[in-house]
Amino acid sequence: MYSDLAGKVAVVTGGSKGIGNAISRRLAEEKMAVVINYHSDREQAEQTAEELKKAGGDAVAIQADVGSEQGIQALLDAAEQHFGGLDVWVNNAGMENRVPTHEMSLKEWEQVINVNLTGVFLGARAAINHFLKHQKKGNIINMSSVHERIPWPTFAHYAASKGGVKLFSETIALEYAKRGIRVNSIAPGAIETPINAEKFADPQQRQSTLEMIPINSIGKPEEVAAAAAWLASSESSYVTGTTLFVDGGMSLYSEFEEGKG
Ligand code: NAD
């Protein structure tokens, strides 16, 4: 538990399921008030907000498309109107789909870039403006991926978006550090969520993924949420502009294990 988080306000995009849902739950456990953003999954988002309120927390579910300025404004408005301000903004929403690059339509490219990269820009911009206006030491956490570092054939739009998130986060961390705003990314490896449920349901695909993870297990959303809570808290007060890999060692070039190469 991080006692400094109690009473603070967070927005978590894409919070109805997967990693975003675990982050919403963890921040509510830390006694933060949480705006849980959903895109289409209203029932799950509202159910989560109800559960968190019953458990003594504070949460509200808000529909918004993170790729639109109106959507992001609606989330900021909700934080201000329901909870009186904003302290932590988590840009978690994301999407992926497998397409060989030579067959990728412009629409497919734009969809992924719009949610995964433009959505992060819009969310960060709204949060920074709020922090500057209220002279607040704000905190922004962006969900990247091991694919901000590792190329991923047939997911070129996804890898490009996450590579973009890396340098965007580093740039704004530098740009606003003197004004007390911290910005960090989290790079999950393979985490058990709806985004890859189909893949991990196939024992062969699950095994081939496991072979790429030195720790030899698929990650849980709660393990990513723990990293988010730490980055949100003052325990990480000297950390900005970094990417925290939560990947069981996936980004450590496991082919080199046992001195190969
Ligand atoms: P998920 O599919 O369970 O959740 C993604 C969420 O984003 C969903 O709630 C979805 O509704 C939301 N979303 C998509 N488009 C949106 C839009 N336009 N507006 C608002 N919300 C939108 O997937 P997840 O695994 O929980 O992914 C969360 C984040 O973590 C993503 O950014 C993803 O790229 C990243 N990530 C996940 C893994 C993994 O293995 N699961 C690995 C690396 C990075």
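Structure's up top.
So, a few notes on the structure that sits alongside this text. Model, not experiment: these values are computed from the prediction. (Residues numbered from 1 in each chain as written. Predicted model: local features only at pLDDT ≥ 70, side-chain atom pairs only at ≥ 80, totals over all residues. Heavy atoms only, no water.)

1. Considerations on the side chain of Ser161
Next up, step 1: Here Ser161 is to be found in helix α5 (residues 156–176).
Next up, step 2: Discounting residues that sit within four places of it in the chain, Ser161 has contacts with Val112, Ile113, Asn116 and Leu117. (Helix = DSSP H or I, 4+ residues; strand = E, 2+ residues; numbered from the N terminus. Contact = heavy atoms within 4.5 Å.)

2. Regarding unusual backbone geometry
Next up, step 1: One non-glycine residue, Asn216, adopts positive backbone phi at about 65°.
Next up, step 2: As for its placement among the helices and strands, Asn216 is situated in the loop between α7 (203–210) and α8 (221–232).

3. Some details on the site of the ligand
Next up, step 1: As a structural note, the neighbourhood of the ligand is formed by 27 residues, with Ile19, Asn92, Tyr158, Ile191 and Thr193 the closest of them.
Next up, step 2: Side-chain polar atom of Thr193 to an oxygen atom of the ligand: 2.5 Å apart, as the coordinates give it.
Next up, step 3: A distance of 3.0 Å separates an oxygen atom of the ligand from a polar side-chain atom of Asn196.
Next up, step 4: Here the ligand has 820 Å² of accessible area as a free molecule, and 93% of this is covered by the chains.
Next up, step 5: Elements with a contribution of two residues or more to the shell around the ligand: α1 (18–29) and α5.
Next up, step 6: Partitioned by chemical class, the residues of the shell around the ligand number twelve nonpolar, twelve polar and three charged. (Near = heavy atom within 4 Å. Polar contact = N/O pair within 3.5 Å; in protein donor to acceptor, adjacent residues only side chain to side chain. Areas by Shrake-Rupley, 256 points an atom, 1.4 Å probe, with all protein chains shown as cover. Nonpolar A, V, L, I, M, F, W, Y, C, P; charged D, E, K, R; others polar.)

4. Concerning the sheet that holds strand β6 (residues 182–188)
Next up, step 1: With parallel pairing, the seven strands of this open sheet are ordered in space as β3-β2-β1-β4-β5-β6-β7. Strands at the two margins of the open sheet, each flanked by one partner only, are β3 (58–63) and β7 (243–246). Geometrically, the sheet is characterised by an average inter-axis angle of 15° between neighbouring strands, direction not taken into account.
Next up, step 2: Judged from the four bridges that link them, strand β1 (residues 9–12) and strand β2 (residues 33–38) form a sheet pairing that is parallel. Bridging across to β2, Val12 finds its partner in Ile36.
Next up, step 3: Contacting β1, β2, β4 (88–91), β5 (139–143) and β6, α1 runs over the sheet at an angle of about 170° to β1.
Next up, step 4: Across the sheet, α8 lies against β4, β5, β6 and β7, angled at about 170° from β6, the strand it touches most. (Pairing = 2+ DSSP bridges. Axes fitted to C-alpha atoms, helices over the stretch in contact; angles between N-to-C directions.)

5. Looking at helix α2 (residues 42–54)
Next up, step 1: Over its 13 residues, α2 extends 18 Å from the first C-alpha to the last, a length consistent with the 18 Å expected when each residue adds 1.5 Å.
Next up, step 2: Of all the positions in α2, only Ala45, Thr48, Ala49 and Leu52 are classed as buried. Viewed end-on, α2 has its buried residues packed into an arc of 95°, placing them on one side of the element. Turned more than 90 degrees away from the buried face of α2 sit Arg42, Glu43 and Lys54, all of them exposed.
Next up, step 3: Next to the buried residues of α2 lie α1, β2 and β3.
Next up, step 4: Looking one or two residues past α2, Gly56 carries a phi angle of roughly 95°, positive in sign. (Expected span 1.5 Å × (residues − 1). Buried < 20%, exposed > 50% of the residue type's maximum accessible area, 1.4 Å probe, protein only. Arc of directions from axis to C-beta.)

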